[in-house]
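Fold and contact review
Here are the chains, one letter per residue:
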Amino acid sequence: MIRAIVALVVLIGVGLLKIPVERHLAALHRQEHFRGVEFNLDLREQIGQLGFMAALSGFRAIVADALFIQAHAAWEDTEWGRMLLLFRHITTLQPRVLLFWDTAAWHMAWNASVAAMNDQKQPRLALRVKAQREYFALGKDFLERGINNNPDRPELYEALARLYQEKYKDHAHASEYYAKAAALPGAPTFDRRFAAYELSYCEGREQEAYERLRQLYDEGPQERLPTLIKRLKDLEEKLGIPQQQRIPEKEQTR
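Here the structure is a predicted model, which means the values were calculated and not measured.

Inspection of every chain in the model, using the stated rule, returns 11 aromatic pairs. Seen from their ring centres, tyrosine 164 and tyrosine 168 are 5.6 Å apart, and the 40 degrees between their planes marks the pair as tilted. A residue pair is termed a helical-turn pair when its members lie 3 or 4 positions apart in one helix, as tyrosine 164 and tyrosine 168 do in helix H7 (residues 155–168) at 4 residues. Given a relative accessible area of 9%, tyrosine 164 falls into the buried group. Here the guanidinium or amino end of arginine 224 rests over the ring plane of tyrosine 217, the centre of that ring lying 4.1 Å away.

Written out as structure tokens, the structure reads:
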């Protein structure tokens, strides 16, 4: 009887202690832009009770690094399902670490998708293509959730732009995300150029792309790179820009 009373008192005490801790964690998550992440039973089962308690005790970085090593081993063994699960837990533990989101997306959209397409155990091309596109979608999901948790950093916008560019051949969305990256503090100068390059491949948006490219060109020699010159000359021809308004022919050889 006494033991039962003591156990009840302990449980009540733990519950009361958890309330301010959970409130603090919730406030911290909002402050750090943690979105769409949750410590749940799946995570506990994956990392074990000690790892789960360590994560709750402020050692998320150590646990995430340990899981990252496991994910690398899973990649080497081409265990795509296990690697996916590990990266979901890693990004849950450390949602503000860009490397984890970017690496997870790269493994899914590039490595796993190529393996699916080249899977000799699946003779049907349609099913290999389906699996490949599912891995594209998983990579995109990691990058979108990474952006939700890191809306102030350009790197994941750039990675999502590359995914649209290289995997989906979707130049409009690639241009959109390069432009979003370019608008953020600390973004590299090439983001603006890449946004204009990708737009120049979009049917029906040639005039807009021409104006962007010409604006870059007019900013000075530092922007007059070979790709920009080529795309600009192609659009001049396609849009029928008057000869006197075109950039000099000599620019083609720079």
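Having seen it, we continue.
Another aspect to go through is the environment of methionine 83. With respect to the helices and strands, methionine 83 occurs in helix H4 (residues 80–93). On a C-alpha basis, the gap between methionine 83 and alanine 73 in space is 8.5 Å, while along the polypeptide they are 10 residues apart. Leaving out residues up to four positions away in the same chain, methionine 83 has contacts with Ala71, Ala74, Trp75, His107 and Met108.

The next point concerns the environment of arginine 212. In this structure, arginine 212 sits in helix H10 (residues 206–218). For arginine 212, a relative accessible area of 30% corresponds to the partly exposed category. Each C-alpha atom, one on arginine 212 and one on serine 200, is 9.2 Å from the other, the two residues being 12 residues apart in sequence. Excluding residues that lie within four positions of it along the chain, arginine 212 makes contacts with Ser175, Ala195, Ala196 and Leu199.

A separate point is H4. Given a rise of 1.5 Å per residue, 14 residues ought to cover 20 Å, and the 20 Å separating the end C-alpha atoms of H4 matches this to within 8%. Most of H4 sits out of view: 10 of its 14 residues are buried. Every buried residue of H4 is listed here: Trp80, Met83, Leu84, Leu86, Phe87, His89, Ile90, Thr91, Thr92 and Leu93.

Below, the discussion takes up the packing of H4 against helix H6 (residues 125–149). Their axes nearest at 12 Å, the elements H4 and H6 cross at an angle of 10 degrees. Classified by the angle their axes make, H4 and H6 are roughly parallel. Contact residues: H4 offers Trp80, Leu84, Phe87, Arg88 and Thr91, while H6 offers Tyr135, Leu138, Phe142 and Arg145. Looking at the contact of H4 with H6, its residues break down into 6 nonpolar, 1 polar and 2 charged.

Okay, the nonpolar core next. Core analysis: the biggest nonpolar cluster contains 39 residues, and Met108 and Phe142 have the highest contact counts within it. Secondary structure elements with two or more residues in this core: helix H3 (60–76), H4, helix H5 (98–117), H6, H7 and helix H8 (171–182). The biggest single contributor to this core is H5, with 9 residues. Dropping the residues within four chain positions of it, phenylalanine 142 is found in contact with Leu84, Phe87, Arg88, Thr91, Trp101, Ala104, Ala105 and Met108.

The subject of this paragraph is the pattern of salt bridges. Opposite charge on two side chains allows them to pair when their charged atoms are near. All told, the structure shown has 18 salt bridges when counted by the stated rule. Between glutamate 208 and arginine 212 there is a salt bridge; the shortest N-O distance is 3.2 Å. Taken as a pair, glutamate 208 and arginine 212 lie in helix H10 at a separation of 4 residues, close to a single helical turn. Linked through salt bridges whose partners overlap, the residues forming this network are Glu203, Glu206 and Lys238.

Position of glutamate 158 relative to the elements: it lies in helix H7. No salt bridge is formed by the buried glutamate 158; the nearest opposite charge belongs to arginine 162, separated by 4.4 Å. Contacts of glutamate 158, omitting those with residues within four sequence positions, involve Tyr178, Ala181, Pro188, Phe190 and Asp191.

Its identity as a non-glycine residue notwithstanding, threonine 78 has a phi of 50 degrees, on the positive side. Residue placement: threonine 78 occurs in the loop between H3 and H4. Since its relative accessible area comes to 49%, threonine 78 is described here as partly exposed. Unusually for a residue other than glycine, lysine 169 sits at a positive phi of about 55 degrees. Turning to its location among the elements, lysine 169 is positioned in the loop between H7 and H8.

The predicted model of the protein chain averages 84 in pLDDT, with 76% of residues at 70 or higher. Counted against residues more than four places away or in other chains, residues 14–19, with its pLDDT under 50, gives 0 contacts. Predicted confidence is poor over residues 32–37, with pLDDT under 50, and the contacts of this stretch with residues over four places away or in other chains come to 18 contacts.

Calculation criteria
Starting afresh in each chain, residues are numbered from 1 along the sequence in its written order. For a predicted model such as this one, the threshold for reporting local features is a pLDDT of at least 70, and the threshold for listing and counting side-chain atom pairs is 80 or more; totals across whole chains, interfaces and linings nevertheless cover every residue. As a rule here, side-chain values cover all heavy atoms of the structure and leave hydrogens and water aside. Each Phe, Tyr or Trp ring, with Trp reduced to its six-membered ring, pairs with another whose centre is within 6.5 Å; inter-plane angles below 30 degrees give stacked pairs, above 60 give edge-to-face pairs, and intermediate values give tilted ones. Only DSSP runs of H or I covering at least 4 residues are called helices, and only runs of E covering at least 2 are called strands; the numbering of each starts at the N terminus. Think of it in three bands: with a 1.4 Å probe and only protein chains considered, a residue is buried below 20% of the maximum accessible area for its type, exposed above 50%, and partly exposed in between. Each ring is checked for a lysine NZ or an arginine CZ that lies within 6 Å of its centre and within 35 degrees of its normal; such an atom marks a charge sitting over the ring. Pairs of residues are marked as contacts when any of their non-hydrogen atoms sit within 4.5 Å. A helix is expected to span 1.5 Å multiplied by its residue count minus one. Inter-axis angles, ranging from 0 to 180 degrees, are taken between N-to-C directions of lines fitted to C-alpha atoms, where helices are fitted over the stretch in contact. Throughout this description, any angle smaller than 35 degrees is read as roughly parallel, any larger than 145 degrees as roughly antiparallel, any in the 65 to 115 degree range as roughly perpendicular, and the remainder as oblique. Ten residues, namely Ala, Val, Leu, Ile, Met, Phe, Trp, Tyr, Cys and Pro, are considered nonpolar, four, namely Asp, Glu, Lys and Arg, are considered charged, and the remaining ones, Gly among them, are considered polar. The criterion is simple. A nonpolar core is a set of buried Ala, Val, Leu, Ile, Met, Phe, Trp, Tyr and Cys residues joined through side-chain atoms within 4.5 Å. By salt bridge we mean one thing: a side-chain nitrogen of Lys or Arg within 4 Å of a carboxyl oxygen of Asp or Glu. The sign given to each residue is positive for Lys and Arg and negative for Asp and Glu; His and the chain ends receive no count. For every residue, the predictor states its confidence as a pLDDT score lying anywhere from 0 to 100.

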